[in-house]
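Letter by letter, the chains look like this.
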Amino acid sequence: MSTTLQFLPSLSANLGILQLNNPASLNALTLEMIRSMTPILKQWQQTGVRATLMVGAPYEKNGKVKPAFCAGGDVKKVYLAGIGKEDNSLTADFFREEYQLNHMIATQAPHLPQVSIWDGVVMGGGVGLSVHGKYRVATEKTIFAMPETKIGLFPDVGGTWWIPRLKLYSQWKSGLVGGVGNYLALTGNRLAAEDLIYAGIATHYVKSENLDDLKSALAESTTSASADDPNGDCIAGVLMSFHDHNVDIEASFLSQNRADIDYAFDGKDTMEEIIDALESMGEDSQFGQSTLKTLNQMSPTSLKVTLEGLKRGSKLSSVGEALQMEYRMSQAFMREGSDFYEGIRAALVDKDGKPKWSPSSLEEVTDDIVQSHFEPLGDNELDVNAIGSAKL
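Quick caveat: nothing in here was measured; it's all calculated off a predicted structure.

1. Digging into the sheet that holds strand β10 (residues 204-205)
An order of β1-β2-β3-β6-β8-β10 is seen for the six strands of this open sheet, with the pairing classed as mixed. Of all strands in the sheet, those bounded by a partner on one side alone are β1 (7-12) and β10. Direction of pairing for β1 relative to strand β2 (residues 15-20): antiparallel, over a ladder of six bridges. Note that in β2 the partner of Ser10 across the bridge is Ile17.

So, in structure tokens, the structure goes:
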């Protein structure tokens, strides 16, 4: 079993606690953390643990302690592997084993619910560790985003499964999700707790000052409920008792801009249609102009591949199928010359914030380029159930 101090598992009563402990990088997810967490979680799923709780270690900045859940995967190390400065196998191993862990969490038995406390930053790989669990608790300090199109990648870790299936608190069109999912995936817009409750991404809202009491109550519930109903959800009532019903959902950014979001992003088959819709809002539209500015900063290839992935993901029958598709996509983005390397260089290496995308415009990203990100991998296809059987 692989171990690392970046991941600290523990038990409190019958509550299995999964603590991400990489605070220097806002708990960024490494392959070592994945390899430590996977066997622990598998063991707990087969023993007397009644629920799992995922939390992030706090970090210190300017003498103050601040919360963080997980800022995403350690994509800088993947970048270094891709350009030959680290073991090149990481470009395949990281995504394969991360997606396998995502699938394990997504298919965890209903009577063994996972609770994730989203206090602080929740992005990318951190979303994948938590959004597939049964319960996601937001606080007033939550900052949530899937910003992958800005680094030449795509919203992965099951994003092509859950994003097209958002269950919105207040649907603009009866029976339809609308454009919120496409908007979030393409722009990488940061969301606060109110947005997360509105979009159904978070299940509960708890003020950060009450989190310690919540954790204690969750642990206690796993003991008192074990003998009464060994196959029941022992923590649902606890979470609801801590949920703050005063969270102002209607004041959220998503709610306030829902009409514009749906107008620009709902039912659009191409990025060109989305751009045309935003431009048609006119120069006086703050939403239209700011969103155009955001999209113009993103990798054109990432935008088109992401939109195609969301469309395909909406038609798949399981999260496993979505992750298998995403693995194909991830490996296409690992090819030499991919925008991923330029995006990471600009954001995390040179930090100049000026990526030179290739192709540099949406018009230059052909259908063949997009299709190449979905091609089968032959013997290298992802087996979501093959935990611990990495190919050598």
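2. Here we look at the packing of aromatic side chains
Both the distance between ring centres and the angle between the ring planes are used here to describe each pair of aromatic rings. Within the structure shown, the criterion is met by 11 aromatic pairs. Taken together, a centroid distance of 5.7 Å and an interplanar angle of 25° make the contact between Phe154 and Phe333 stacked. With Phe154 in the loop between β9 (143-145) and α5 (159-162) and Phe333 in helix α15 (residues 319-333), this pair connects stretches of sequence that are 179 residues apart. Assessed through its relative accessible area of 1%, Phe154 is described here as buried.

3. A few points about the packing of helix α1 (residues 31-45) against helix α3 (residues 90-106)
Relative orientation of the contacting elements α1 and α3 amounts to 25°, with a least axis distance of 10 Å. Relative to α3, the element α1 is oriented roughly parallel. Considering only the axes of α1 and α3, their crossing is left-handed. Touching Leu31, Ile34, Arg35, Met37, Thr38, Leu41, Lys42 and Gln45 of α1 are Leu90, Asp93, Phe94, Glu97, Glu98, Leu101, Met104 and Ile105, all from α3. Each residue belonging to the contact of α1 with α3 can be placed in one class, and the counts come to nine nonpolar, two polar and five charged.

4. So, the side chain of Ser252
Along the chain, the position of Ser252 falls in the loop between α9 (236-242) and α10 (253-256). Within the structure, Ser252 has its side chain in polar contact with the backbone nitrogen of Ser255 (distance 3.1 Å).

5. Brief notes about the environment of Ala81
By the secondary structure assignment, Ala81 is in helix α2 (residues 75-82). Taking the C-alpha atoms as reference, Ala81 lies 22 Å from Lys354; in sequence the two are 273 residues apart. Among residues more than four places away in sequence, those in contact with Ala81 are Glu86, Asp87, Asn88, Leu90 and Thr91.

6. Considerations on the packing of helix α11 (residues 258-265) against helix α13 (residues 286-297)
α13 packs onto α11 with a crossing angle of 50° between their chain directions and a minimal axis gap of 11 Å. With respect to α13, the axis of α11 lies oblique. Crossing geometry of α11 relative to α13 is assigned as right-handed. Here Asp260, Ile261 and Phe265 of α11 lie close against α13, whose contacting residues are Phe287, Thr291 and Leu295.

7. Side note on unusual backbone geometry
Residue Pro359 follows Ser358 across a cis peptide bond; omega there is 0°. As for its position among the elements, Pro359 is in the loop between α16 (339-349) and α17 (367-371). Here the phi dihedral of Asn27 falls at roughly 60°; this positive angle occurs in a residue that is not glycine. Structurally, Asn27 can be placed in the loop between β2 and α1. Not every positive phi belongs to a glycine, and Val157 is a case in point at roughly 45°. Examined against the element boundaries, Val157 turns out to sit in the loop between β9 and α5.

8. A word on the pairing of β2
β2 sits mainly inside the fold: five of its six residues count as buried. Between β1 and β2, which follow one another and run antiparallel, lie two residues, and Ala13 among them has a positive phi close to 60°. Two strands pair when backbone bridges link them, and β2 and strand β3 (residues 51-56) are joined in this way by six bridges, in the parallel orientation. For Leu15, the partnering residue across the bridge sits in β3 and is Ala51. Each parallel crossover has a hand, and the one from β2 via α1 to β3 is right-handed.

9. Digging into the pairing of strand β8 (residues 135-138)
Where burial is concerned, the two faces of β8 agree: the one with Tyr135 and Val137 and the one with Arg136 and Ala138 are both buried. Alignment of strand β6 (residues 114-118) against β8, held across four bridges, turns out to be parallel. Bridging from a neighbouring strand, Ile117 pairs with Val137 of β8. By the bridge criterion, two bridges tie β8 to β10 in an arrangement that is parallel. Bridging from a neighbouring strand, Val137 pairs with His204 of β10.

10. Brief notes about α1
When the terminal C-alpha atoms of α1 are compared, their 21 Å separation across 15 residues agrees well with the 21 Å that a helix rising 1.5 Å per residue should span. Three or more residues of α1 are buried, namely Leu31, Met33, Ile34, Ser36, Met37, Thr38, Ile40, Leu41 and Trp44. Looking at the buried positions of α1, the neighbouring elements they touch are β1, β2, β3, α3 and α4 (125-130).

11. Considering a negative patch on the surface
On the surface, Asp269, Glu273, Asp276 and Glu279 cluster together to form a negatively charged patch. Relative to the helices and strands, Asp269 resides in the loop between α11 and α12 (271-280).

12. Side note on the environment of Met240
On the secondary structure map, Met240 appears in helix α9. C-alpha separation for the pair Met240 and Tyr205, spaced 35 residues apart in sequence, amounts to 9.3 Å. Excluding anything up to four places from it in sequence, Met240 contacts His204 and His245.

Reading the values: the criteria
Residues numbered from 1 in each chain as written. Predicted model: local features only at pLDDT ≥ 70, side-chain atom pairs only at ≥ 80, totals over all residues. Heavy atoms only, no water. Pairing = 2+ DSSP bridges. Helix = DSSP H or I, 4+ residues; strand = E, 2+ residues; numbered from the N terminus. Phe/Tyr/Trp six-rings, centres within 6.5 Å; stacked < 30°, edge-to-face > 60°. Buried < 20%, exposed > 50% of the residue type's maximum accessible area, 1.4 Å probe, protein only. Axes fitted to C-alpha atoms, helices over the stretch in contact; angles between N-to-C directions. Parallel < 35°, antiparallel > 145°, perpendicular 65-115°, else oblique. Left-handed = near helix turned anticlockwise from the far one by under 90°. Contact = heavy atoms within 4.5 Å. Nonpolar A, V, L, I, M, F, W, Y, C, P; charged D, E, K, R; others polar. Polar contact = N/O pair within 3.5 Å; in protein donor to acceptor, adjacent residues only side chain to side chain. Right-handed = clockwise from strand over helix to strand, strands pointing away. Expected span 1.5 Å × (residues − 1). Patch = residues over 30% accessible without salt bridge, like charges linked within 9 Å, V, L, I, M, F, W, Y side chains within 5 Å. Areas by Shrake-Rupley, 256 points an atom, 1.4 Å probe, with all protein chains shown as cover. Salt bridge = Lys/Arg side-chain N within 4 Å of Asp/Glu carboxyl O. Lys, Arg positive; Asp, Glu negative; His and termini not counted. Charge placed at Lys NZ, Arg CZ, Asp CG, Glu CD.

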